[in-house]
Amino acid sequence: MALFSILSNAASSLSAHRAASATHSHNLENVNTPGYARQRVNLAATTPAERWGNDFLGRGVSAQSITQARDPFIESQLPKALSAQARSSSHANALEGITGLDPAGGAGLTEALQSFYAGARALAQAPSDPGSRAAFVANAKDAALAFNRAQQSIDGARDGLDSKLQADAARATQLARSLADLNGQVRQELAAGSSPNDLLDARQKVQDELVQLTGGSVVPSADGTVSIVLQGGGALVSGDRAASMGTIADPTNGGHLALTLTTGSQPTVTMPSSALGGSMGGTLDARDGTLLKAEQALDTAAYDWATTVNTQHRAGYGLDGGTGRDLFTVGATSAGAASALVVDPAMVADPRLVGAAASAGGVPGDASNLQALIGTESRALASSGTSVFDTIANAIANFGAEVQGARTAATRDGAVADQLTTLRESVSGVSIDEELVALTQAQRGYEAVMKVITTADEMFDTLLKLR
Amino acid sequence: MRVTDRLHYESAAKNGAAARSRLQEAAQEAASGIRVSHPGDDPHAAAQIVRHAANAQRAGDIARQLGVATDELQAADGALEGVGNVLSRARELTVQMANGNYTAVDRANAAKEVQGLFQEALGLMNTKAGHRYLFGGFQDQAPPYDATGSYVGDTGVRQVEVAPGKLVDASIRSDVALKGVGGGTDVFATLTALNTALAANDVAGVQNALTGLDAGIQQVASARSQAGSSMSAFDVATYALQALKTEALGAQAHLQEADAIEANTRLAQATQALDAALTASARTFGLTLLDKL
């Protein structure tokens, strides 16, 4: 009886050690798998033990469970950290590419304004010279073009961010579907009493990416599923159901895209920018925050400056004796002024119309009005209360400060996320050394149990040879 | 802390990438010599660079226009010098011909010379510099004096900027200097009267012209001294503007450009840092139980 039980116990112990070595092999094989959390076989002495008189005879070892190494404390902090890091780095990256406000080069806004005034000064010394007049009009065209270019460089970047949002919305929808599917499978496995470790890993990976993309919060449920709730309260994933994200042109924001959420058969909801965090939130921060502000600053500067120059220019008399003419054509309000700014076509066609003289009698040699127009270089603009150069310098400084802030935030959030990711890896990651030791340990255990079987077999043999 | 293999590789990748990015930044700065190329590099400096550049450009532009104004004033001064010489010669002739020893023939010959001097003065006052007549006020596209020496220009005085917003006169009012507007002597009328008196052998008339010529010489000299003082003011302003420009350019460069020694030191440091990161990574990669079992 006892000899048979040694053999049967050894057989089940053998399977426990085999499970251990299989698990360590699995760990080793997944050493480079993203999102994989190492697994552990929990071995324990088999119970109940066999009663033997007043004592108990042990019945070998069995594998109780296979568990994942995950630290709930770290895991609970990670979504927020990942989302913050994705948001600030996406914001900072979007701003890095803007060259329209570079202090030198770029759209050449300040250089073009300098040339405009240089042209005005040259013309003031030779107002009756047709060549100087043509040169001055060309300088004015350059100044208008520089405003156009600076505005286009920013608006082009905002359009580019629209495309990014569109792609991100499609990716978020795809990830939400995967997460909902995995939620369904996990719930099923858990209900059947098993621990679906590899499904959990796969879900963790999708969940991490979705949180980084949308900044949603992770809400675990008792049935083992996780929901992703956006900042505005809309559920992107709820158990095994996923909503889909889309985009729609927003006429109140110059036709740039707003994000929508469609849950099942319910009507599509347009989400405010505040509903999103993560890299999509960062993209929106850049598009509707920093870049919009820079664009508006340019528009206001263009409108105020052109209006100031026009007001002065209207007081002047052209070579034809005409007066009351504008040098620039700019819209009625500052909205879109930087892109709409052009030199009046009549001036381009006939530079003789430039109003250099302060009176009809002063034509052609008087340049007093042009001297007054040069004075607009340092005249305070209506909205900013500072000169055009200071206004642009301030716009550059404000934009630069936002870029610097975004860079700092990206570095800081990156460090936090890195630290937590390192801690997660430290807890859940696979160490080859450790697994090799454990595998060897399991191998030794296995060999020892084999020895038990051989010994039991020899004992049988001895017993059977008795005559 | 429990260190896994992936931590090794990830930290190697991360540290390597960070060191490489710092190296790239340092190399960029050393190669281009530019410290602030994006407003985010230094927002305050970026704004100041724009202001300094605008100031430097403005000072340069004003100085350039002062140069143009100086050239024109020199041309005007040259013309006035010529007119001064004409008047001196006319005075000489007048003094000579007022003497009773000269005959009617001598005076008729002198009248011819005075006629020539009149034409010479007329030509000088119709001097054109570049595309415009210098002495016509704002009416600079037509000769300011007609054949009889009448002034057809206006009273306009051109101005030039000597500092932002500060204007000074940059042309001579020839109607005052030559035509005696505002209580002076009409030089051309005096020459015409002299010519008439000489032709008519009118000694008293010739003597009368002397007062007018003296006043005319005085007027031209005073106009020249006006031009001279304007030019010297322009010179002073030009020096000041050039100093301003140099200062603004210096301030701009100071903010915008990288210090070559500092930039190259940083480059050397970044190179070493990358080398160290790579060496350290390579060493840790070799250490695994796999090779020992």
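What this report covers is the structure whose coordinates are included nearby.

Moving on: the pattern of salt bridges. In the structure shown here, the tally under the stated rule is 46 salt bridges over all chains. With a shortest N-O distance of 2.5 Å, Arg51(B) and Asp390(A) are connected by a salt bridge. Within this pair, whereas Arg51(B) is found in helix H2 (residues 43-97), its partner Asp390(A) is found in helix H10 (residues 388-428), the two belonging to separate chains. On the basis of relative accessible area, Asp390(A) is assigned to the partly exposed category, the value being 25%. In this structure, Glu10(B) engages Arg6(B) in a salt bridge whose closest nitrogen and oxygen atoms are separated by 3.7 Å. Remark: Arg6(B) and Glu10(B) occur in helix H1 (residues 5-32); sequence separation between them is four residues, near one turn of the helix. Arg6(B) sits in the buried class, given a relative accessible area of 17%. Within the structure, one salt-bridge network assembled from shared partners comprises Arg38(A), Arg40(A), Glu434(A), Glu435(A) and Arg2(B).

Glancing now at the interface of chain B and chain A. Facing the 47 residues of chain B at the interface are 57 residues of chain A. With both chains or domains summed, chain B and chain A bury close to 4,300 Å², and 54% of this area falls on carbon and sulfur atoms. Ranking the residues of chain B by area buried against chain A places Arg2(B), Arg6(B) and His38(B) at the top, with a combined share of 16%. Counting across the chain B and chain A interface gives seven salt bridges. The residue Arg6(B) makes a salt bridge to Glu425(A) at a minimum N-O spacing of 3.7 Å. Connecting chain B to chain A are 26 residue pairs in polar contact (both at pLDDT 80 or more). Elements with a minimum of two residues in the side of chain B that touches chain A: H1, H2 and strand S3 (159-163) of chain B. With 16 residues, the top contributor of residues to the side of chain B that touches chain A is H2(B). Its residues assigned to classes, the side of chain B that touches chain A shows 21 nonpolar, 12 polar and 14 charged.

Looking now at the sheet that holds strand S9 (residues 244-249) of chain A. All names here are of chain A. Read from one edge to the other, the open sheet built from three strands follows the order S9-S10-S11, with strand pairing classed as antiparallel. Among the strands making up the open sheet, the edge pair consists of S9 and strand S11 (269-271). Recorded for the sheet is a direction-independent mean angle of 40° between the axes of neighbouring strands. The pairing of S9 with strand S10 (residues 257-262) spans six bridges and is classified as antiparallel. Within S10, the position partnered with Gly-246 by the bridge is Thr-260. Each of S9 and S10 touches helix H4 (residues 130-191); the most contacted strand, S9, lies at about 160° to it.

Rules used in this analysis
- Residues numbered from 1 in each chain as written.
- Chains lettered and ligands numbered in written order.
- Predicted model: local features only at pLDDT ≥ 70, side-chain atom pairs only at ≥ 80, totals over all residues.
- Heavy atoms only, no water.
- Salt bridge = Lys/Arg side-chain N within 4 Å of Asp/Glu carboxyl O.
- Helix = DSSP H or I, 4+ residues; strand = E, 2+ residues; numbered from the N terminus.
- Buried < 20%, exposed > 50% of the residue type's maximum accessible area, 1.4 Å probe, protein only.
- Contact = heavy atoms within 4.5 Å.
- Buried area = accessible area lost by both parts, 1.4 Å probe.
- Polar contact = N/O pair within 3.5 Å; in protein donor to acceptor, adjacent residues only side chain to side chain.
- Nonpolar A, V, L, I, M, F, W, Y, C, P; charged D, E, K, R; others polar.
- Pairing = 2+ DSSP bridges.
- Axes fitted to C-alpha atoms, helices over the stretch in contact; angles between N-to-C directions.

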